[in-house]
Amino acid sequence: MHKKKKRILLKMGSNTLTKETNNISRGKIEDIANQIAQLQDTCEFIIVSSGAIAVAKQFVKLESKQEDVFVKQALASIGQPHLIRIYQEIFREYGLLTSQCLLSYSDFEKEESKVNITNTINVLVNNNYIPIINENDTVATDEIKFGDNDKLGALTASLLNADLFVIATNTNGIYTKASIESGTPKTIKEVTNFSELTDEVVNSKSSHGSGGMQSKIEAAKVAKEAEVETWIVNGLEDNFIVNAMENEVPFTKIK
Ligand SMILES: Nc1ncnc2c1ncn2[C@@H]1O[C@H](COP(=O)(O)OP(=O)(O)O)[C@@H](O)[C@H]1O
Ligand SMILES: N[C@@H](CCC(=O)OP(=O)(O)O)C(=O)O
């Protein structure tokens, strides 16, 4: 009998996509494609990817006396088609098909939009297309102001009944605060109760990151309410999804 595939929502931040440089890493996108190709018989993927602003910054500097956020929105508009082109080129080499969906938080508050998102994405996935989702930064500024696309990932994972929400970041999951302070970071392997985490988050984030670990914890809460399990994994490492599945690397599971 045909077994139902495990639906995985993968969130890639700018930081992991650039491997902490100022350029999008084609190698990282190849790593993602390679993993999806390895897992395609048992898993189906939906990707929430940032990186539009980072790509645009590689080749354009916008002149504007306007607020920073307007400039970011314009950069996102310039970078998004390039970001998707890079995904499309690389994924095609692995025999994988891609599509683009631009969403915003407010779309998740309207019943009609929710039904439309679900229907579109289900048709895409059922036809072996991998939807690549980003915030529609022309109309919404939630994520470029506060978030990390983490919440967008959580809302999408919840709406689309994902079996697993994987947040790729630049640490081996959530570390204990004491271990960060002593300089030997130690991963919290499993979280069942969010109150355990309130004291662990420290006030730092990576070079391109915007929300820090707190926004990932908030996202995991949203996912948990919809009974979706979240994994926070180190997306800088090669084969990070497969290795987490095989328990070969430290990461944080939030059930
Ligand atoms: N307890 C913690 N464990 C791990 N990282 C933490 C913790 N508290 C804060 N952080 C910070 O959160 C960062 C990850 O968030 P962020 O920079 O927004 O990443 P991304 O760009 O992947 O979304 C880490 O690099 C680290 O500086
Ligand atoms: N939507 C925007 C970025 C949103 C954002 O800050 O995301 P992240 O890289 O996850 O911190 C983009 O694609 O550049």
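Quick notes on the rules
Along each chain, residues carry numbers from 1 onward, in the same order as the chain's sequence is written. Each chain is given a letter, starting from A, and each ligand a number, starting from 1, according to the order in which they appear as written. Only residues with pLDDT of 70 or above have their local features reported here, since the model is predicted, and side-chain atom pairs are shown and tallied only from 80 upward, although totals for entire chains, interfaces and linings are computed over all residues. Only heavy atoms go into the side-chain values, all of them from the structure, while hydrogens and water stay out. Here a helix means four or more residues in a row that DSSP labels H or I, a strand means two or more in a row labelled E, and each is numbered from the N terminus. Radius of gyration means the value over C-alpha atoms here, while the globule rule gives 2.2 Å times the residue count to the 0.38 power. Burial status follows relative accessibility: with a 1.4 Å probe on protein chains alone, a residue under 20% of its type maximum counts as buried, one over 50% as exposed, and anything between as partly exposed. Whether two residues are in contact is decided by their heavy atoms, any of which lying within 4.5 Å being enough. The protein chains shown are the only cover counted for residues, whose accessible areas, like all others here, come from Shrake-Rupley with a 1.4 Å probe. UniProt positions are given in the numbering used here, feature names are shortened, and annotations may be inferred rather than shown by experiment. Any residue with an atom within 4 Å of a point lines the site, the site being either a cavity, points on a 1 Å grid over the protein atoms alone where a 1.4 Å probe fits but cannot get out, or a pocket, an open set with protein on both sides within 12 Å along at least 5 of 7 lines. Grid points are joined across faces, edges and corners, and a volume is the space filled by probe spheres set on the points. Only buried Ala, Val, Leu, Ile, Met, Phe, Trp, Tyr and Cys residues count toward a nonpolar core, and they belong to the same one when joined by side-chain atoms within 4.5 Å. The criterion for strand pairing is that DSSP finds at least two bridges linking the strands in question. Axis definition: a line fitted to C-alpha atoms, over the contacting stretch in the case of helices. Angles run 0 to 180 degrees between N-to-C directions. Two rings from Phe, Tyr or Trp (for Trp, the six-membered ring) form a pair when their centres are within 6.5 Å of each other. A pair whose planes differ by under 30 degrees is stacked, one over 60 is edge-to-face, and the rest are tilted. Any Lys or Arg side-chain nitrogen located within 4 Å of an Asp or Glu carboxyl oxygen qualifies as a salt bridge. Should an angle fall under 35 degrees it is taken as roughly parallel, and over 145 as roughly antiparallel, whereas 65 to 115 is taken as roughly perpendicular and any remaining angle as oblique. It is the rotation of the near helix from the far one that decides the hand of a crossing: anticlockwise by less than a right angle makes it left-handed, clockwise makes it right-handed. Nonpolar residues are Ala, Val, Leu, Ile, Met, Phe, Trp, Tyr, Cys and Pro. Charged residues are Asp, Glu, Lys and Arg, and all others, Gly as well, are polar.

Undergrad: What is the right way to look at the overall build of the chain in this model?
TA: A count of helical and extended segments in the chain gives ten helices and eight strands. Taking 255 residues into account, the globule formula puts the C-alpha radius of gyration at 18 Å, and the chain, at 17 Å, falls close to it. A principal-axis box enclosing the C-alpha atoms of the chain has dimensions of 55 × 45 × 40 Å. When the 255 residues of the chain are sorted by exposure, 51% land in the buried category. Pairs at least 24 residues apart make up 74% of the contacts formed inside the chain by residues separated by at least 6 positions. Summed over its atoms, the accessible surface of the chain is roughly 12600 Å², and 47% of this surface lies on carbon and sulfur atoms.

Undergrad: Quick question: what am I supposed to make of the UniProt feature "binding site: ATP" (unreviewed entry) in the chain here?
TA: When the UniProt feature table is mapped to this numbering, "binding site: ATP" (unreviewed entry) covers Lys11, Ser210, Gly211, Gly212, Met213, Gln214, Ser215 and Lys216. Checked against the element boundaries, Gln214 lands in helix H9 (residues 212-225).

Undergrad: What's the story with the layout of surface pockets in this structure? I'm lost.
TA: The probe, sized like a water molecule, is rolled over the atoms to show the empty space still left. Here the second largest pocket is characterised by a volume of approximately 230 Å³. If you trace the second largest pocket, you find 14 residues lining it, with Lys5, Gln40, Cys43, Asn128 and Ile130 closest to the centre. Elements that contribute at least two residues to the lining of the second largest pocket include exactly strand E2 (43-49), helix H5 (111-126) and strand E4 (129-135). Of the residues forming the lining of the second largest pocket, the biggest block, three residues, is contributed by E2.

Undergrad: Sorry, what's going on with the nonpolar core here?
TA: Taken as a class, soluble globular proteins show a tendency for nonpolar side chains to be buried jointly. One finds Ile121, Ile133, Phe165 and Ile174 to be the most contacted residues of the largest nonpolar core, which totals 34 residues. Looking at this core, the elements that each hand over two or more residues are E2, strand E3 (97-103), H5, helix H7 (150-159), strand E5 (164-169) and H9. Discounting residues that sit within four places of it in the chain, Ile121 has contacts with Ile46, Cys101, Pro131, Ile133 and Leu160. Counting residues in hydrophobic clusters, the runner-up holds 33 residues, among them Ile29, Ala168, Trp231 and Phe240.

Undergrad: Would you take a moment to explain the sheet that holds E5 for this structure?
TA: Each strand in a sheet pairs with another by means of backbone hydrogen bonds, the pair being arranged parallel or else antiparallel. Strand order in the open sheet made by the eight strands is E3-E4-E2-E1-E5-E7-E8-E6, with mixed pairing throughout. Each of the sheet's edge strands pairs with one partner strand only, and the pair in question is E3 and strand E6 (190-191). Bridge count for E2 against E4 is two bridges, and the pairing is parallel. Note on E4: the bridge partner recorded for Val48 is Ile133. Across the sheet, H9 is in contact with E5, strand E7 (229-234) and strand E8 (252-254); its angle to E5 comes to roughly 175°.

Undergrad: Just checking my understanding: could you explain the packing of aromatic side chains for this structure?
TA: Across all of its chains, the model carries two aromatic pairs by this definition. Geometrically, the ring pair formed by Tyr87 and Phe91 is edge-to-face, given 5.5 Å between the ring centres and 70° between the ring planes. In this pair, Tyr87 and Phe91 are both assigned in helix H4 (residues 68-93), four residues apart and thus about one turn of the helix distant. Across the pair, Phe91 and Tyr87 agree in class, each one buried.

Undergrad: In this structure, what is going on with the pattern of salt bridges? I would like to understand it.
TA: Proximity of charged atoms lets side chains of opposite charge pair with each other. All told, the structure shown has nine salt bridges when counted by the stated rule. Ionic pairing is found between Asp150 and Lys11, a salt bridge with its closest N-O pair at 3.0 Å. On the criterion of sequence distance, the pair formed by Asp150 in helix H7 and Lys11 in strand E1 (residues 6-12) is long-range, its members being 139 residues apart. Several salt bridges share partner residues, and in doing so they unite Lys11, Asp150 and Lys216 into one network.

Undergrad: Honestly, the packing of helix H2 (residues 26-39) against H4 in this entry has me stumped. Any pointers?
TA: Describing two packed helices takes the angle between their axes plus the distance from one axis to the other. Put simply, H2 and H4 touch, their axes get as near as 9 Å, and they point 50° apart. Of the possible angle classes, the one that applies to H2 and H4 is oblique. Between H2 and H4 lies a crossing of right-handed hand. Across the interface between the two elements, Arg26, Ile29, Glu30, Ile32, Ala33 and Ile36 from H2 touch Ile86, Tyr87, Glu89, Ile90 and Phe91 from H4. Within the contact of H2 with H4, the residues separate by chemical class into eight nonpolar, no polar and three charged.

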